[in-house]
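The residues making up each chain are set out below.
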Amino acid sequence: MITESPNPESEIVKESIMSFSRISIVEYNSAEDVEICMERYREVAPIIFGAAEYLCVTIIGPETAHFLAVYPNQQLAEQGLEACVKHTDELKDHIREIIYYEGDVSWQWKPN
């Protein structure tokens, strides 16, 4: 339960944003495959997704991960997708399925 109202001076809410995001839902063949791929992702993500403003991975099930990447624009997001496809091709023996969703970021909140 929230008991205090947010302090407007300590928060930033952006409603006019030029950013573009991609959500990837990845189903792995096993929990062990998740561990293998997460270790590799931690190594390469800062390099191959260097144009991203934000990267986040959430393990949403024993064999499922949710990836969020936010880019300054769609062109950089497309470059990120190309890098992502190359990365996942290297790990295809561990991956059952990938579903991508993408679109313009319409709203975000960042605390100071």
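What this report covers is the structure whose coordinates are included nearby. Predicted model, so just to flag it, every value in this text is computed and none were measured.

1. Remarks on the pattern of salt bridges
Piece 1. Under the defined criterion, the tally for this structure stands at six salt bridges.
Piece 2. With its nearest N and O atoms 3.4 Å apart, the salt bridge here joins glutamate 27 to arginine 96. Of this pair, glutamate 27 sits in strand S2 (residues 20-28) while arginine 96 sits in strand S5 (residues 95-104), and the two are 69 residues apart along the sequence.
Piece 3. Members of the salt-bridge network, linked through shared partners, are Arg22, Glu78 and Glu102.

2. Let's talk about the sheet that holds S2
Piece 1. The four strands lie next to each other as S3-S4-S2-S5, forming an open sheet whose pairing is antiparallel. Two strands in the sheet have a free side with no partner beyond their single neighbour: strand S3 (54-61) and S5. The mean inter-strand angle of the sheet, taken between neighbouring strand axes irrespective of direction, is 15 degrees.
Piece 2. Both S2 and S5 contribute to a ladder of nine bridges, which runs antiparallel. Across the sheet, the residue bridging to arginine 22 is glutamate 102, located in S5.
Piece 3. Contacting S2, S3 and strand S4 (64-71), helix H1 (residues 31-48) runs over the sheet at an angle of about 175 degrees to S3.

Parameters at a glance
Residues numbered from 1 in each chain as written. Predicted model: local features only at pLDDT ≥ 70, side-chain atom pairs only at ≥ 80, totals over all residues. Heavy atoms only, no water. Salt bridge = Lys/Arg side-chain N within 4 Å of Asp/Glu carboxyl O. Helix = DSSP H or I, 4+ residues; strand = E, 2+ residues; numbered from the N terminus. Pairing = 2+ DSSP bridges. Axes fitted to C-alpha atoms, helices over the stretch in contact; angles between N-to-C directions. Contact = heavy atoms within 4.5 Å.

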